[in-house]
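Each chain, written out:
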Amino acid sequence: MRLLLLLPTHTYNVDGYLAAAERLGVDVTVGSEEDSTFSSADHDGLLTLDLCDPDRSADEAEAFASRHALDAVFGVDDATAVVAAHIGSRLGIPYSPITAVEAARDKYRQRQLLARARVSVPRFALVSLDGSSTVPHGLTYPVVAKPLTLSASRGVIRADNDDELRKALRTIGDILDEDDRSHVRNVLLEAYVAGAEFAVEGTVHDGRFAPFAVFEKPDPLEGPYFEESIYLTPPRIGEAEAHTIVECVADGVAALGLTHGPVHAEVRVNDSGAWLIEVAARPIGGKCARVLRFGSTGDVSLEELTLGLVLGTVESIPERERGASGVMMIPIPAAGVLRGVDGMEAAWSIPKVTDITMTVPLGARLRRLPYESRYLGFIFARADSTDAAERAIRSAHRELIFTIE
Amino acid sequence: MSPSSPITVTPIDDLRCKFVVNEQIAEGGVQKFTSPDQAVGVPVVAAVLEVPAVCEVVVNGNAITAVQDGSLPWSAIEPQVKYAIDAALADHAPSQLARAATDDDEIFDIIEEIFNTQVNPAVAQHGGKVELVDVQDMTVVVRMMGGCQGCGMANVTLRQGIEASLKRQLPGLKGIKDITDHASGTNPYFEAQKK
């Protein structure tokens with residue numbers, strides 16, 4: 001059994017997927033957009049694909065598959081999920097339809113489909129970066145401006161009046177100018193929805209959505225920028241509220257037409273109910289996947305479960321491990337050059353902290369949101385209760401001292 | 001057991017106490033262990049985790065921080081931890097840990113040649129280098145440097161490139177163990193950029 005694993009060279013999560021594939025006992029071909037130093041030496045384990053061109057990638061994958069049969073394909077992020085859908089379609093490998101995955105990737109197209117299916121989404125409009133100076137008819141302040149395809153809250157800015165909107169659009173324009181992959185000069189404007197935010201991780205199989213976990217985000221996300229920080233599961237909410245959140249995501253998955261593969265979604269909850277902020281046809285980003293473990297002993301990783309489902313070797317979804325789990329995406333406290341990280345040993349020694357990983361090398365130039373898409377690193381904790389997991393994460397974070405000049 | 005080596009003890013708080021010894025306990029940056037099973041190959045850690053009430057051990061070079069569950073005062077635990085460290089260091093003195101003169105030695109020489117002629121010329125294209133540290137029971141221990149240290153695709157190079165190549169040439173090989181402290185890499189060829 002051979003899996004084509006699409007890993008962009010700048011992803012955080014190579015290790016998790018390779019380890020998962022090894023545990024599953026499948027042969028892996030890694031598809032990346034740049035040549036590996038071993039590409040010429042290894043004829044079946046490495047494949048260079050033009051991940052910016054899904055059709056061309058499908059051509060290349062088809063040629064590869066004529067020499068080495070492929071049983072499954074998987075993309076780890078938004079962009080590679082689209083490529084995987086094209087390859088799946090070309091090779092007859094089960095994957096969500098191309099149109100559904102592309103809609104999940106495009107915030108405006110996604111909103112259109114969700115609204116048409118009467119899923120609760122904020123009121124929205126598409127505006128041009130170059131011609132907008134106030135909110136269009138039907139929207140009132142506060143609004144949130146979002147680039148259509150960037151991830152990790154990059155370029156997502158709240159505006160409470162015309163002045164702030166003009167500044168936000170200028171900033172987004174600058175960001176899109178920097179991002180040589182962005183050719184679209186339109187931006188999604190949507191009503192700001194107050195309320196608590198949750199994330200949902202799950203899978204869809206034959207069109208049926210099954211949740212793995214609901215995450216609480218304990219830090220308020222009110223703008224002007226929306227920096228993710230802590231995810232905790234199980235959330236400290238009642239079963240009825242959790243059910244409402246999951247149902248909201250299931251409705252969104254159906255509305256987009258996703259049929260196979262991982263799902264990560266963001267939902268806001270207020271007195272009016274649950275509002276679907278976003279659905280993605282990919283798993284939770286980067287190293288955050290480590291926050292979820294499955295099985296009675298917790299020895300099954302999210303990557304292993306996800307790949308097992310894609311390969312069809314997992315017949316039923318195991319329960320999430322007992323207890324609470326959490327992760328902090330360590331925010332960047334200041335712009336500048338990262339010169340040092342101290343207190344690592346003290347942070348590690350906080351009870352219930354299970355992992356601390358720095359993902360930005362010393363010497364790297366850092367920016368803050370809305371320009372930056374990275375985190376300094378990740379802090380993980382596992383504990384008997386959600387409260388204890390959150391305490392451990394925050395304690396460890398307090399021990400870390402970042403020198404940024 | 002040989003005479004005790006000096007151990008510096010520094011209590012941190014009710015749950016944590018730091019023990020510093022004269023020799024490196026483990027390579028690869030800060031690591032946490034929560035069960036003896038995780039501590040295979042690090043006998044000092046396994047021994048400390050056997051001490052009642054100790055539930056976690058953090059190792060950083062020559063420093064061992066023991067974390068306890070709060071059920072006993074440190075005055076009751078500290079002597080047991082020191083004894084465990086002493087005993088483990090004595091039982092696994094460097095002379096006993098040295099690479100045994102077995103088939104691994106011959107394999108080491110073969111792999112060293114492969115590293116010199118195939119592996120390092122390839123990874124040098126990305127400013128990287130892979131050091132062959134040891135061969136232990138047919139497992140190759142390596143340390144990655146330069147552009148490989150902290151590179152987002154280091155593990156792809158290791159598993160899909162180097163390991164696959166070595167296993168083709170040496171079918172009995174079990175695999176590769178990477179002891180690189182990737183967090184300390186300052187010039188990775190591919191840097192992770194997205195969450």
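Definitions and cut-offs
- Residues numbered from 1 in each chain as written.
- Chains lettered and ligands numbered in written order.
- Predicted model: local features only at pLDDT ≥ 70, side-chain atom pairs only at ≥ 80, totals over all residues.
- Heavy atoms only, no water.
- Bend = angle between axes of the 7 residues up to and from the residue.
- Helix = DSSP H or I, 4+ residues; strand = E, 2+ residues; numbered from the N terminus.
- Buried < 20%, exposed > 50% of the residue type's maximum accessible area, 1.4 Å probe, protein only.
- Core = buried A, V, L, I, M, F, W, Y, C linked by side-chain atoms within 4.5 Å.
- Contact = heavy atoms within 4.5 Å.
- Domains from an automatic or database assignment.
- Buried area = accessible area lost by both parts, 1.4 Å probe.
- Salt bridge = Lys/Arg side-chain N within 4 Å of Asp/Glu carboxyl O.
- Polar contact = N/O pair within 3.5 Å; in protein donor to acceptor, adjacent residues only side chain to side chain.
- Nonpolar A, V, L, I, M, F, W, Y, C, P; charged D, E, K, R; others polar.
- Pairing = 2+ DSSP bridges.
- Axes fitted to C-alpha atoms, helices over the stretch in contact; angles between N-to-C directions.
- pLDDT = per-residue confidence, 0-100.

What follows covers helix H4 (residues 103-123) of chain B. Maximal helix bending in H4(B) amounts to about 45°, located at Phe115(B). Every buried residue of H4(B) is accounted for by Asp104(B), Ile107(B), Phe108(B), Ile111(B), Ile114(B), Phe115(B), Val119(B), Asn120(B), Ala122(B) and Val123(B).

Quick look at the nonpolar core now. Core analysis: the largest hydrophobic core is formed by 93 residues, its most contacted members being Leu5(A), Leu276(A) and Ile111(B). In terms of residues, this core owes the most to one element, H4(B), which gives eight residues. Residue contacts for Ile111(B): discarding those within four places in its chain leaves Leu132(B), Val135(B), Val140(B), Leu166(B), Leu170(B) and Leu173(B). With 31 residues, the next largest nonpolar core counts Ile230(A), Met358(A), Val360(A) and Phe402(A) among its residues.

Attention now goes to the domain arrangement of chain A. Residues and elements named next belong to chain A. If you check the domain split of chain A, you get domain 1 (2-97), domain 2 (123-191) and domain 3 (324-405). On a C-alpha basis, the centres of domain 2 and domain 3 stand 29 Å from each other. Tallying the contact residues gives nine residues for domain 2 and seven residues for domain 3. It is Ala152, Arg154 and Glu178 in domain 2 that bury the most area against domain 3; as a group they hold 54% of the surface buried on that side. If you look at where domain 2 meets domain 3, you find one salt bridge. Where Arg367 meets Glu178, a salt bridge forms, and the shortest distance between an N and an O atom there is 2.8 Å. On inspection of domain 2 and its partner domain 3, the count reaches three residue pairs in polar contact (both at pLDDT 80 or more). Counting residues per element, the side of domain 2 that touches domain 3 draws most heavily on helix H6 (residues 162-178), which supplies four residues. Grouping the amino acids of the side of domain 2 that touches domain 3 by side-chain chemistry returns three nonpolar, three polar and three charged.

This next bit is on the pairing of strand E17 (residues 336-342) of chain A. Residue and element names in this part refer to chain A. Of the strand pairs in this sheet, E17 and strand E19 (residues 365-366) are connected by two bridges, and their pairing is antiparallel. By the bridge assignment, Gly336 is partnered in E19 with Leu366. Of the strand pairs in this sheet, E17 and strand E21 (residues 401-404) are connected by four bridges, and their pairing is antiparallel. Within E21, the position partnered with Val341 by the bridge is Phe402.

With that out of the way, let us pick up the sheet that holds strand E4 (residues 54-60) of chain B. Residue and element names in this part refer to chain B. Spatially, five strands are ordered E1-E2-E5-E4-E3 in an open sheet, and the strand pairing comes out antiparallel. Only two strands of the sheet have a single neighbouring strand rather than two, namely strand E1 (8-11) and strand E3 (31-33). Averaged over all pairs of adjacent strands, the angle between strand axes in this sheet comes to 20°, irrespective of strand direction. Bridge count for strand E2 (residues 16-20) against strand E5 (residues 63-68) is five bridges, and the pairing is antiparallel. Looking at E5, one finds that Lys18 is bridged to Thr65. Contacting E1, E2, E4 and E5, helix H2 (residues 74-91) runs over the sheet at an angle of about 30° to E2.

Once that is clear, we can look at the environment of Asp178(B). All names here are of chain B. As for its placement among the helices and strands, Asp178 is situated in strand E8 (residues 175-178). Taking the C-alpha atoms as reference points, Asp178 and Val123, separated by 55 residues in sequence, lie 15 Å from one another. What Asp178 contacts, discounting residues up to four positions off in sequence, is Val142, Arg143, Met144 and Leu158. In terms of polar contacts, Asp178 uses its side chain to reach the side chain of Thr180, at 2.4 Å. Of note is the side chain of Asp178, whose polar atom sits 2.7 Å from the side chain of His182.

Bringing the environment of Lys167(A) into the picture now. Looking at the element boundaries, Lys167(A) is found in helix H6. Put simply, Lys167(A) and Ile157(A) are 10 residues apart on the chain and 9.5 Å apart in space, counted from C-alpha to C-alpha.

Each partner contributes residues to the interface: chain B has 37 residues there, and chain A has 46 residues. Across the interface of chain B and chain A, roughly 3700 Å² is buried in total on both sides, 57% from carbon and sulfur atoms. Seen at the junction of chain B and chain A, the total is two salt bridges. In this structure, Glu399(A) engages Arg16(B) in a salt bridge whose closest nitrogen and oxygen atoms are separated by 3.9 Å. At the boundary of chain B with chain A, the tally comes to 11 residue pairs in polar contact (both at pLDDT 80 or more). For the side of chain B that touches chain A, the secondary structure elements donating two or more residues are E2, E3, E4, E5, H4 and helix H5 (154-169) of chain B. In terms of residue count, H5(B) provides more of the side of chain B that touches chain A than any other element does, nine residues in total.

Take the confidence of the model for chain B next. Mean pLDDT for chain B: 85, with 90% of residues reaching 70 or above. No element of chain B has a lower mean pLDDT than helix H3 (residues 94-97) of chain B, at 41, and none a higher one than E5(B), at 95.

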